Amino acid sequence: MHENNSASLTEATRPNRKESSMTLEFKRGVIAFLSAAFLVSLLFVQWREVSRRAEESGHAKPHINVPAASKACVDCHLQSTPGLVAHWTGSKHAERGVGCLECHEAQKGEVDGFDHYGPHIATVVTPSDCARCHADVAAEFGRSHHAKGGNILASLDNFLAEVVEGNRGPIALNSPTPGRAFEHANGMSSANTGCQQCHGAKVGLESSDGGILTVDDFKPGPDGKPTNIDAVARIVKDQNGKSAASQRAPGRTRASGASTSMARSAPARPATAATTSRPRRARQPENCGKCHLGPDHPQKEIYEESKHGVAFRDLLHEMNLDGDEWVLGKDYTAGLRPARPAT
Amino acid sequence: VSLSPLTWIRERVPVGPEQLRELTNEPVPNHLKKWWWCLGGTPAYLFVVQIVTGILLAFYYKPSPQTAYESVRYITEQASFGWFLRGLHKWAATMMVAAVVLHQMRIFFTGAYRKPRELNWLVGMCLLLLTLIVGFTGYSLVYEQLSYWGATVGANITDSVPVVGVYLKELLLGGEVYNENTLSRFFILHAAVLPATMAALIALHVTLIRLQGVTEFHFRDEDRKKPAFFNFFPDHLLTELSIGLVLMVLLSVLATVLPAEMGPKADPLSTPEVIKPEWFFYVAFRWLKLFSGTLAVLSMGLIVFLMYAWPFIDARIRKSRPESEASVWIGIAGALAIIALTVWEASVAH
């Protein structure tokens with residue numbers, strides 16, 4: 001279109017203008033350097049972007065940043081109990097920067113609190129601890145039937161296990177075994193190995209008078225903290241200040257085994273293991289089967305064979321197990337319609 | 001009398017081979033024999049890729065908060081080659097921004113914006129801003145957590161512009177806050193208004209280049225006895241086609257190896273822990289964190305204004321000091337600052 005090529009000369013390239021100190025070759029070098037720097041930075045940015053997107057969509061393991069306050073815990077437990085740390089690194093808590101102390105930190109004066117290489121912690125994490133972050137969920141759980149699951153142990157529902165089958169009266173064996181002579185039957189095996197495995201138990205701490213202290217003795221107030229200071233003073237503690245969970249009281253589990261159930265009586269009810277928490281794991285029907293199975297309440301077995309159970313297993317791969325939401329008919333199905341309606 | 005189809009057409013469209021040759025036989029300066037000087041056509045090529053893939057994606061996309069995310073998921077997971085088209089669209093957008101930046105750097109450092117090409121610089125600046133805005137609206141359409149909150153943050157930034165900010169925000173969102181009508185507004189902007197404006201500006205950009213010719217560069221090692229120009233057709237056209245083919249291969253590889261993912265669906269009630277815009281806004285995002293509020297927005301506005309006005313500012317400088325190369329040093333500082341702020345924002349979570 002332009003017929004005279006000289007018309008295309010710019011101010012920059014016009015021959016009769018004063019010679020610039022900067023040559024075109026130098027400018028070419030500047031362009032090459034900055035373009036290369038830009039492209040390298042673009043590669044770095046895209047690498048970060050792609051990694052972030054892969055983590056968001058669940059296609060890559062998320063990068064875990066150990067919070068500063070929990071670094072010492074993680075460093076030490078990597079040596080002593082690496083499995084515990086591995087569970088934590090696989091949890092949503094780890095992804096969101098929630099470390100050990102956020103859940104395990106205890107206030108001075110709490111019955112199960114003890115000094116542990118500096119921090120004052122409690123092994124058992126109760127819904128009161130969860131409520132520090134998940135206030136709404138803890139309040140909802142507190143109102144639920146699940147929260148009162150432990151109460152069954154003091155109800156007539158437990159009559160069969162503890163009274164009918166659980167004979168603790170005098171017995172007269174025909175041929176007592178030498179060294180193992182006893183006059184009373186325990187009779188609590190059904191309750192211990194049955195009901196209490198799901199419905200939980202009150203955590204028992206050794207008392208200085210030789211007895212057992214439970215939540216009933218501490219008389220917790222509305223905030224879950226003990227109001228009976230005398231009972232607190234009677235807790236037997238070791239040289240580290242750690243209270244000793246009773247191994248002697250029948251029907252009372254050790255603190256270490258206390259996280260086997262979500263249905264514990266408040267406030268000594270431990271939560272499910274938050275160190276392993278992931279939405280897709282919590283959404284498996286097997287979680288319900290932890291309690292809702294067996295001859296007394298066979299809901300899980302009924303569900304497994306029902307149309308709903310069969311459909312759930314069949315359509316599991318289509319469900320949004322990792323989603324933040326879990327809406328029936330949209331993210332998952334009860335077997336009546338597809339989890340993801342075709343758009 | 002029977003006429004051949006060609007004759008029939010030529011009677012109605014009086015353009016023959018001679019006219020076509022005249023139209024395409026633009027003399028092209030010798031430096032364009034090197035492919036790295038030919039990247040000006042790259043954004044235009046990627047623009048065409050975006051139009052084609054965008055039309056195909058729009059067949060399935062449904063712009064409303066209830067349907068947007070599911071329709072994108074349908075494209076990604078169920079529609080035939082939907083994942084590939086989405087990947088092409090995503091990566092072509094990234095490469096288009098990069099190509100525009102590289103092209104503009106070349107123009108800036110060689111002073112190709114100077115008289116008589118100031119108007120074309122202004123058109124190019126408009127195309128740069130439109131490319132960024134079309135990227136922003138496209139990112140928002142997916143209705144993921146980050147795209148939703150990115151749009152919300154973007155609207156709030158607009159709000160902090162003094163006097164007109166509140167109106168601009170309402171214009172963008174179709175209300176005071178993100179609402180039912182926002183997505184359809186973004187969609188119309190992204191798929192119709194902005195591309196049509198860009199197409200018109202690209203036509204104007206190319207027309208001005210044709211009228212003024214490509215800026216000539218004469219390097220010292222150049223043989224002055226040889227012709228300074230070569231033919232557009234077929235020599236330069238073949239270079240452009242080769243670049244286009246390489247781009248297509250690169251795009252296909254990126255879309256296949258690193259396909260576009262689905263993040264969590266937007267939840268207006270839950271602010272994500274980390275909010276990140278698309279990468280090409282990292283520089284502005286970091287700037288906003290450094291100088292929060294109105295100061296950051298006003299200073300960014302001033303920088304954009306200076307970029308627009310640079311040909312005229314540069315002319316004033318060179319009028320008083322003809323040998324001045326201040327623009328090169330300012331350009332180096334600006335480019336390094338943009339790279340540093342972008343890398344900084346990419347390196348940190350917050």
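1. Here's the deal with the overall build of chain A
The secondary structure content of chain A amounts to 15 helices and 4 strands. Going through the 343 residues of chain A one by one, you find that 36% of them count as buried. For chain A, long-range pairs separated by at least 24 residues make up 51% of all intrachain contacts whose partners lie at least 6 apart in sequence. In the structure as shown, chain A presents an accessible area of about 20400 Å², 58% of it carried by carbon and sulfur atoms.

2. Looking at the nonpolar core
Ranked by size, the top nonpolar core spans 59 residues in total, and within it Phe38 of chain A together with Leu46, Phe109, Leu251 and Trp279 of chain B carry the most contacts. Among the secondary structure elements, those contributing two or more residues to this core are α1 (24-56) of chain A together with α3 (41-58), α5 (82-109), α6 (118-141), α9 (182-212), α10 (232-257) and α13 (326-347) of chain B. Setting aside chain neighbours within four positions, we find Phe38 of chain A in contact with Ala98, Val101, Leu102, Met105, Trp279 and Ile339 of chain B. Membership of the second largest hydrophobic core comes to 21 residues, among which are Tyr61, Val142, Trp149 and Tyr178 of chain B.

3. Notes on the interface of chain A and chain B
Between chain A and chain B, the residue contacts involve 49 residues of the former and 67 residues of the latter. Of the roughly 5300 Å² buried between chain A and chain B, counting both surfaces, carbon and sulfur atoms make up 61%. In this structure, Lys27 of chain A and Glu325 of chain B form a salt bridge, with 3.3 Å as the shortest nitrogen-oxygen distance. Taken together, the connections running from chain A to chain B amount to 4 residue pairs in polar contact (both at pLDDT 80 or more). Of the residues assigned to the side of chain A that touches chain B, the class counts are 19 nonpolar, 14 polar and 16 charged.

4. Quick look at a nonpolar patch on the surface
Residues and elements named next belong to chain B. Nonpolar side chains collect at one region of the surface, where Leu3, Trp8, Ile9, Val13, Val15, Leu20 and Leu23 lie side by side and expose about 650 Å² of accessible area between them. Those elements giving two or more residues to the nonpolar patch turn out to be α1 (5-12) and α2 (17-24). Here Ile9 shows up in helix α1.

5. So, the packing of helix α11 (residues 282-290) of chain B against α13 of chain B
Residues and elements named next belong to chain B. Across the interface, α11 lies against α13 with an axial gap of 8 Å and an inter-helix angle of 80 degrees. The orientation of α11 with respect to α13, classified from their angle, is roughly perpendicular. Along the contact surface, α11 presents Tyr282, Val283, Phe285, Arg286, Trp287, Lys289 and Leu290, while α13 presents Ile338, Leu341, Thr342, Trp344, Glu345 and Ala346.

6. Digging into empty space enclosed by the protein
Evaluation of the coordinates by the stated rule reveals 2 cavities of 30 Å³ or more. Taken as a whole, the second largest cavity encloses approximately 40 Å³ of empty space. Of the residues assigned to the lining of the second largest cavity, the class counts are 4 nonpolar, 3 polar and 2 charged.

7. Focus: the packing of aromatic side chains
All chains considered together, the criterion is met by 22 aromatic pairs over all chains. On the numbers, 4.3 Å between centres and 10 degrees between planes, the contact of Trp326 of chain A with Tyr332 of chain A is stacked. For Trp326 of chain A, a relative accessible area of 26% puts it in the partly exposed group. Aromatic side chains Phe136 of chain B and Phe281 of chain B sit 6.1 Å apart centroid to centroid with 85 degrees between the ring planes, which places their arrangement in the edge-to-face category. Residue Phe136 of chain B is found in helix α6, and its partner Phe281 of chain B is found in the loop between α10 and α11; the two are separated by 145 residues along the sequence. What links up through ring pairs into an aromatic cluster is the set Phe136, Tyr143, Tyr148, Trp149, Tyr178, Phe186, Trp279, Phe280 and Phe281 of chain B.

8. Here we look at a positive patch on the surface
A contiguous patch of positive charge on the surface is contributed by Arg28 of chain A together with Lys33, Lys34 and Lys226 of chain B. According to the relative accessible area criterion, Lys226 of chain B is exposed, its value standing at 56%.

9. Overview of the environment of Leu194 of chain B
All names here are of chain B. Residue placement: Leu194 occurs in helix α9. As for Leu194 and Thr137, which are separated by 57 residues in sequence, their C-alpha atoms are 9.7 Å apart. Not counting residues up to four positions away in its chain, the partners in contact with Leu194 are Leu130, Ile133, Val134, Thr137 and Leu189.

10. A word on the pattern of salt bridges
Under the definition given, this model contains 18 salt bridges over all chains. The partner of Glu95 of chain A in a salt bridge is Lys92 of chain A, and the shortest N-O contact between them spans 3.5 Å. Pair noted here: Glu95 of chain A and Lys92 of chain A are both in helix α4 (residues 92-95), with a separation of 3 residues, about one helical turn. Linking Arg12 of chain B and Glu11 of chain B is a salt bridge whose minimum nitrogen-to-oxygen distance equals 3.6 Å. Overlapping salt bridges, with partners in common, bring together Glu286, Lys300, Glu304 and Arg313 of chain A in one network.

Each value, and the rule that gives it
Residues numbered from 1 in each chain as written. Chains lettered and ligands numbered in written order. Predicted model: local features only at pLDDT ≥ 70, side-chain atom pairs only at ≥ 80, totals over all residues. Heavy atoms only, no water. Helix = DSSP H or I, 4+ residues; strand = E, 2+ residues; numbered from the N terminus. Buried < 20%, exposed > 50% of the residue type's maximum accessible area, 1.4 Å probe, protein only. Contact = heavy atoms within 4.5 Å. Areas by Shrake-Rupley, 256 points an atom, 1.4 Å probe, with all protein chains shown as cover. Core = buried A, V, L, I, M, F, W, Y, C linked by side-chain atoms within 4.5 Å. Buried area = accessible area lost by both parts, 1.4 Å probe. Salt bridge = Lys/Arg side-chain N within 4 Å of Asp/Glu carboxyl O. Polar contact = N/O pair within 3.5 Å; in protein donor to acceptor, adjacent residues only side chain to side chain. Nonpolar A, V, L, I, M, F, W, Y, C, P; charged D, E, K, R; others polar. Patch = residues over 30% accessible without salt bridge, like charges linked within 9 Å, V, L, I, M, F, W, Y side chains within 5 Å. Axes fitted to C-alpha atoms, helices over the stretch in contact; angles between N-to-C directions. Parallel < 35°, antiparallel > 145°, perpendicular 65-115°, else oblique. 1 Å grid on protein atoms, 1.4 Å probe; cavity = no way out; pocket = protein on both sides within 12 Å on 5 of 7 lines; lining within 4 Å. Points joined across faces, edges and corners; volume = space filled by probe spheres on them. Phe/Tyr/Trp six-rings, centres within 6.5 Å; stacked < 30°, edge-to-face > 60°. Lys, Arg positive; Asp, Glu negative; His and termini not counted. Charge placed at Lys NZ, Arg CZ, Asp CG, Glu CD.

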